[in-house]
Amino acid sequence: MKTESPAETEAVGRAWGLEAGPGWVVLLYGDLGSGKTVLARGVAQGLGCPARVHSPTFSLLHVYRGGRLPLYHFDLYRLDGPEAIARAGLDEQLVNEGVTVIEWPERLGAGETWPAWAPPPQRLRRVLLEITGPNQREIRYEDLGLGRLG
Ligand SMILES: Nc1ncnc2c1ncn2[C@@H]1O[C@H](COP(=O)(O)OP(=O)(O)OP(=O)(O)O)[C@@H](O)[C@H]1O
Ligand SMILES: [Mg+2]
């Protein structure tokens with residue numbers, strides 16, 4: 001689908017947040033400024049989290065509570081491979097009963113798949129955001145597996 005404004009991208013995330021269940025993971029692929037954080041902000045709104053989502057620039061993870069389910073928002077841009085992730089203790093937090101949204105999932109070091117060392121999500125949504133104009137983004141996604149993956 002194409003969105004024509006940040007508000008429209010946020011609305012896409014909001015719909016996903018309304019739909020999300022425990023143990024869902026959303027992987028957000030896309031260049032700098034493609035709208036990953038905007039989409040994550042919408043997911044938080046859909047879950048009913050009262051706080052506004054910002055870029056977790058200096059931390060790898062922000063947890064947003066107060067909604068229907070907790071939202072775990074990862075930005076792994078600064079991470080350097082799975083060892084760094086394990087060192088940061090993120091392997092233990094990657095999936096639980098909340099909803100997990102991950103920017104720069106490439107850094108998990110598992111290519112296009114879910115890393116074998118992390119607990120499997122209940123649902124995995126792979127999203128690709130592309131900048132197709134100053135205010136336009138192409139958003140494509142696929143869901144990989146209902147129930148336990150593998
Ligand atoms: N249709 C659109 N959808 C989303 N964002 C848009 C759109 N049009 C313009 N923008 C702008 O693009 C920027 C997207 O920023 P955002 O922080 O969400 O990107 P990001 O993918 O998270 O980048 P980073 O990799 O640096 O974290 C914002 O400045 C937003 O206003
Ligand atoms: Mg971002």
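Scroll up to find the structure this text is about.
About the thresholds
Residues numbered from 1 in each chain as written. Chains lettered and ligands numbered in written order. Predicted model: local features only at pLDDT ≥ 70, side-chain atom pairs only at ≥ 80, totals over all residues. Heavy atoms only, no water. Helix = DSSP H or I, 4+ residues; strand = E, 2+ residues; numbered from the N terminus. Buried < 20%, exposed > 50% of the residue type's maximum accessible area, 1.4 Å probe, protein only. Salt bridge = Lys/Arg side-chain N within 4 Å of Asp/Glu carboxyl O.

Chemist: Please give an account of unusual backbone geometry that cites residues and values.
Modeler: In the Ramachandran plot, Trp104 falls in the positive-phi region, its phi being about 60 degrees despite a non-glycine side chain. Topologically, Trp104 is positioned in the loop between strand E5 (99-103) and strand E6 (123-133). For Trp104, a relative accessible area of 12% puts it in the buried group.

Chemist: Describe the pattern of salt bridges, listing the residues and the values that go with them.
Modeler: The final tally for this structure, using the stated rule, is eight salt bridges. For the salt bridge of Arg125 with Glu19, the shortest nitrogen-to-oxygen distance reads 3.5 Å. Of the two residues, Arg125 sits in strand E6 while Glu19 sits in helix H1 (residues 6-19), which places them 106 residues apart along the sequence. Of the charged contacts, one joins Arg125 and Asp143 as a salt bridge, the two residues approaching to 2.7 Å between their closest N and O atoms. Of this pair, Arg125 sits in strand E6 while Asp143 sits in strand E7 (residues 136-146), and the two are 18 residues apart along the sequence. The class of Asp143 is partly exposed, set by a relative accessible area of 34%. Salt bridges sharing partners connect three or more residues here, namely Glu19, Arg123, Arg125 and Asp143.

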